Amino acid sequence: MKAILALIIVAAGVAAFVYVLAKRMAPLFRAAQGPQLDRIGERLFALYHFPHHRMPRPGYETIGYTHITIILSLVALSIHVLMLIYSGFTGLEMPGTEWTIGVVYSVIADIALTVLLAACIFAAVRRGYARPARYEVPEKYGKDKSRPMAILLISVLGAIALLDMIFLGSAAAAAQAAGETYRYILPLTGTWFAAFIMSGLSASAAGTVNTLVYFILLIGIFVFINLVPFDRLFHMLTGPATVFFKKLDKGSVKPVQWGVDDEKVADLESFGVKTFEDFTWKHILDFYSCADCGRCSEHCPANAVGRPLSPRFISLKGRNYAFSHYPLKGPMVKGEPLIGGIYEEDEIWSCTTCGACEEECPVTIEYIDKIVDLRRGMVDEGMVPQSLQKPLNALGKRGNPWGKMEKKRAEWTKDLPEDVKIKDLSGGDTAETLYFVDSITSYDDRMADLARATTTVLSAAGTDAGILGKNEKDSANEVRRFGEEMLFQELRNHNTDMILESGATNIVTSDPHALNALKKDYKDMPPVEHISEFTLRQLKSNAIAFKPLDDSEKDKIYTFHDPCYLGRHNEIYDAPREVMDAIPGLKRVDMDRCRDRSFCCGGGGLMLFYEPEEEQRMGVLRVEMAKEAGATVIVTGCPFCLVNMEDAIKVAGLEGQMEAIDLSELIARQVQKG
């Protein structure tokens, strides 16, 4: 009878789970094609590495290690669950349990159950009563339904651990009352306490408790398993797959459509994501894997300044859409357009593509690719913000967002120092090193100082360097990320031809956006370096050296602001700092939010032209962070950052107390031939 009842419970539980899972997977089979399976070794390493790397990030150590504890406990107990089912079917212990390895595993299971119960109690209290602010749901997103569901799931899991300990303890009590030997139970574990409490029961009473608890436990296990695909705990199943199939090349953007070559993109009838099924299966998998921890939104600069974007709800709204339009019962519900349906235009345009959300996500959910795809869809439908239409049109006509004449791109060279020279390769000259200037540094009067500074450094190192001059067009890093794929390809193809014709064997740039485009979006390019990397290499080879700071500069405190496209997207953190530290007399401090947690300036690319709704400027928050660190000079490594930092210093009323300069300017000021 026991075996039949156990079989019914297991069969019903498995059938229900397979049915629910099949319904949940339905949208993935209707979704667009996703990434191909490649670089298996890297993916396996990522799968191994992610739990203890992403979960306990600084500031999240306690809950991070709690999650790891729960995961490891469940992994350790997986065999134990199979043993429970086997004993229910056969009435016997699984073979091998009497061996030493079986006894050792039983002790491990006792420890795992005890630890799991403690972790569940802590997690339930934290979710229910000591909630961090990042768990809260703003009123505009509706009623918070996550809190009761989270507590229910954690409570069910904790109850399973408790019931299991009672089940094992009652078995031990029954054996003791019958005068039989029972396996070793580690003192002070939950199983030990359960056995101790029930030690006074008769063999019959303990056996009855054991049988009753067994069936309740078995039902509880399958209730929990079937609850997993209904909420945040779905990431327990989909999270490993999300990590395994994650994008391995940071800073890159997915193609318009997987499996379609760039040459054939123009033949596509539709661009980007307009309906839910236009998302790739990987991106829908991302929606399912969101643990609703709120870390992404807590570190999102757009969210911090009150823009209508919270990355957390990009995922949650996507998951809710999947659940409501692919119900467990009945046919698929006809969908509506995503923009204006579940996502708003301003919400999607508010993203600076800084990558902070992706850097924080414990399960490596990709947000930038989804947002870029949604933008592609909006651009295809003509839904482009008014403030962006002019610069995008200018980029198409003149190759720069200001619409200035191509022949003026190299005018900054007229003001170079007499002893500093650089070739203009547009006339047919060749050079070993190409300095890719990009648009803002070429045309903005203030940023032209960066071009002259970079050229000064190249000259000091004795580098055979040249620029494309009028033949250079915008690198199109932002053009692609704002959804104008065909314009991006036009600009990229032009620059590619000019770079290859120049004969340059390496490229240097002082613009991280150009660096990222050349490295991640272009193909078959010579090696590309940021000016900080180039300078560090020259310092180490003694090609250049630095003179000490002037006396007037020695009392200043410098801090380096990590540009998003230099840091998070290309992981260049040490080179700028090593270069600064090589300057005699320079005092440097780091802001609290630095390196991979740097705070976006808000001025990247076309964001200089976009006019979002926001409560405060990102640059102002960043300047205040520098002030809190005790810095008086903010050193940037990006022209867009410099624009915003200088403007933010004025807005914050810190003129005379703080200044901003670019790293290239600092290097040029201090450099001397080695």
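Our structure's up above, just so we're on the same page.
Numbering of residues begins from 1 in every chain and follows the order in which that chain's sequence is written. Only residues with pLDDT of at least 70 are given local features in this predicted model, and only at 80 or more are side-chain atom pairs given and counted; all residues enter the totals for whole chains, interfaces and linings. Excluded from the side-chain calculations are hydrogens and water; all other atoms, namely the structure's heavy atoms, are used.

### Digging into the overall build of the protein chain
Stage number 1. Secondary structure elements follow DSSP: runs of H or I no shorter than four residues count as helices, runs of E no shorter than two count as strands, and numbering proceeds from the N terminus. If you tally the helices and strands in the protein chain, you get 26 helices and eleven strands.
Stage number 2. When accessible area is computed with a 1.4 Å probe and restricted to protein chains, residues below 20% of their type maximum are described as buried, those above 50% as exposed, and intermediate ones as partly exposed. Here the protein chain holds 674 residues, and 56% of them are scored as buried.
Stage number 3. Of the side-chain charges in the protein chain, 73 are positive and 86 negative, and the distance between the mean point of each set is 3 Å. Charged-residue counts in this description rest on Lys and Arg as positive and Asp and Glu as negative, His and the chain ends being excluded. To locate a charge, take atom NZ for lysine, CZ for arginine, CG for aspartate or CD for glutamate.

### Describing a negative patch on the surface
Stage number 1. Side chains of Glu344, Glu345, Asp346 and Glu613 sit close together on the surface and give a patch of like negative charge.
Stage number 2. Tracing the sequence through the fold places glutamate 344 in the loop between helix H12 (311-325) and helix H13 (345-349).
Stage number 3. The exposure class assigned to glutamate 344 is partly exposed, which follows from its relative accessible area of 44%. In this analysis, a patch consists of residues with relative accessible area above 30% that form no salt bridge, clustered at 9 Å for like charges and at 5 Å for the nonpolar side chains Val, Leu, Ile, Met, Phe, Trp and Tyr. Reported accessibility uses the Shrake-Rupley method at a 1.4 Å probe radius. Residues are deemed covered only where the shown protein chains occlude them. Put simply, a salt bridge is a Lys or Arg side-chain nitrogen that is within 4 Å of an Asp or Glu carboxyl oxygen.

### As for the nonpolar core
Stage number 1. Residue types Ala, Val, Leu, Ile, Met, Phe, Trp, Tyr and Cys, when buried and joined through side-chain atoms within 4.5 Å, form a set referred to as a nonpolar core. Counting 82 residues, the largest nonpolar core has Phe276, Phe279, Leu338 and Tyr343 as the members making the most contacts within it.
Stage number 2. Only heavy atoms enter the contact rule, under which two residues are in contact if any of them lie within 4.5 Å. Apart from the residues lying within four places of it in its own chain, the contact partners of leucine 338 are Val273, Lys274, Thr275, Phe276, Phe279, Tyr321, Tyr343 and Leu374.
Stage number 3. Within the second largest apolar cluster, 57 residues are counted, among which are Val420, Ala461, Ala465 and Ala504.

### What about the sheet that holds strand S10 (residues 659-662)?
Stage number 1. Judged by pairing direction, the sheet is parallel, and its four strands sit side by side in the order S8-S7-S9-S10 without closing on themselves. In this open sheet, the two strands that pair with only one neighbour each are strand S8 (587-589) and S10. Adjacent strand axes in the sheet meet at a mean angle of 35°, parallel and antiparallel pairs treated alike.
Stage number 2. Of the strand pairs in this sheet, strand S7 (residues 557-560) and strand S9 (residues 633-636) are connected by three bridges, and their pairing is parallel. Opposite tyrosine 558, over in S9, you have valine 633 as the bridge partner. Any two strands with at least two DSSP bridges between them are considered paired. To get an axis, fit a line to the C-alpha atoms, keeping to the stretch in contact for a helix; angles then go from 0 to 180 degrees between the N-to-C directions.

### Examining unusual backbone geometry
Stage number 1. Phi at aspartate 524 is positive, roughly 55°, even though this residue is not glycine.
Stage number 2. Positionally, aspartate 524 belongs in the loop between helix H21 (512-521) and strand S5 (528-530).
Stage number 3. On the basis of relative accessible area, aspartate 524 is assigned to the exposed category, the value being 71%.
Stage number 4. Despite not being glycine, glutamate 571 shows a phi value in the positive range, around 55°.

### Notes on the packing of helix H18 (residues 448-460) against helix H26 (residues 663-670)
Stage number 1. Packing of H18 against H26 leaves a shortest axis separation of 8 Å and a crossing angle of 45°. One element, H18, and the other, H26, form an angle in the oblique class. When the axes of H18 and H26 are compared, the crossing they make is left-handed. The residues of H26 that touch H18, namely those facing Asp449, Leu450, Ala453, Thr454, Thr456 and Val457, are Ser664, Glu665, Ile667 and Ala668. Relative orientations are named as follows: roughly parallel for angles under 35 degrees, roughly antiparallel for angles over 145 degrees, roughly perpendicular for angles from 65 to 115 degrees, and oblique for any other angle. Each crossing is labelled by how the near helix is turned from the far one, with a counterclockwise turn of less than a right angle marking it left-handed and a clockwise turn marking it right-handed.

### Observations regarding the environment of lysine 408
Stage number 1. Along the polypeptide, lysine 408 turns up in the loop between helix H16 (386-398) and strand S1 (423-424).
Stage number 2. Residue classification places lysine 408 among the partly exposed residues on the basis of a relative accessible area of 39%.
Stage number 3. Each C-alpha atom, one on lysine 408 and one on lysine 470, is 7.2 Å from the other, the two residues being 62 residues apart in sequence.

### Section: the pattern of salt bridges
Stage number 1. Applying the stated rule across the entire model yields 47 salt bridges.
Stage number 2. In this structure, glutamate 366 and lysine 282 form a salt bridge, with 3.4 Å as the shortest nitrogen-oxygen distance. Note that glutamate 366 is positioned in the loop between helix H14 (356-360) and helix H15 (368-380) and lysine 282 in helix H9 (residues 281-289), a separation of 84 residues in sequence. Accessibility assignment for this pair places glutamate 366 and lysine 282 in one class, buried.
Stage number 3. The salt bridge involving aspartate 449 is made with arginine 446; its shortest N-O contact spans 3.3 Å.

### Details of H26
Each turn of an α-helix holds 3.6 residues, which means side chains three or four residues apart point in the same direction.
Stage number 1. Across the eight residues that make up H26, a large majority, seven, are buried.
Stage number 2. Among all positions of H26, only Leu663, Ser664, Glu665, Leu666, Ile667, Ala668 and Gln670 are buried.

### Observations concerning the packing of aromatic side chains
Stage number 1. Side-chain rings of Phe, Tyr and Trp, where Trp is taken by its six-membered ring, are said to pair if the distance between their centres is within 6.5 Å; with planes under 30 degrees apart they count as stacked, over 60 as edge-to-face, and otherwise as tilted. This model, assessed by the stated rule, comprises 15 aromatic pairs.
Stage number 2. Consider the rings of tryptophan 349 and phenylalanine 482, whose centres lie 5.9 Å apart with planes at 20°: the pair is stacked. Note that tryptophan 349 is positioned in helix H13 and phenylalanine 482 in the loop between helix H19 (477-481) and helix H20 (485-502), a separation of 133 residues in sequence.
Stage number 3. A relative accessible area of 4% places phenylalanine 482 in the buried class.
Stage number 4. Placement of a charge over a ring requires the Lys NZ or Arg CZ to be within 6 Å of the ring centre, with the centre-to-atom vector within 35 degrees of the ring normal. Geometry around phenylalanine 482 places arginine 375 over its ring, the cationic atom sitting 4.6 Å from the centre.

### Looking at helix H6 (residues 190-197)
Stage number 1. Within H6 the residues assigned to the buried category are Gly190, Thr191, Ala194 and Ala195. For H6, the buried positions fall inside an angular range of 135° around the axis, keeping them on one side. When the buried face of H6 is taken as reference, the exposed residues oriented beyond 90 degrees from it are Phe196 and Ile197. By construction, the arc corresponds to the directions joining the helix axis to the C-beta atoms.

### Side note on the sheet that holds S5
Stage number 1. Strand order in the open sheet formed by five strands is S1-S3-S2-S4-S5, with parallel pairing between adjacent strands. The open sheet has two edge strands with one neighbour each: S1 and S5.
Stage number 2. Sheet analysis places strand S2 (residues 433-435) next to strand S3 (residues 465-467), joined by two bridges and oriented parallel. Bridge pairing links threonine 433 to alanine 465 in S3.
Stage number 3. In the packing of H21 onto the sheet, the strands contacted are strand S4 (506-509) and S5, and the crossing angle to S5 comes to about 160°.

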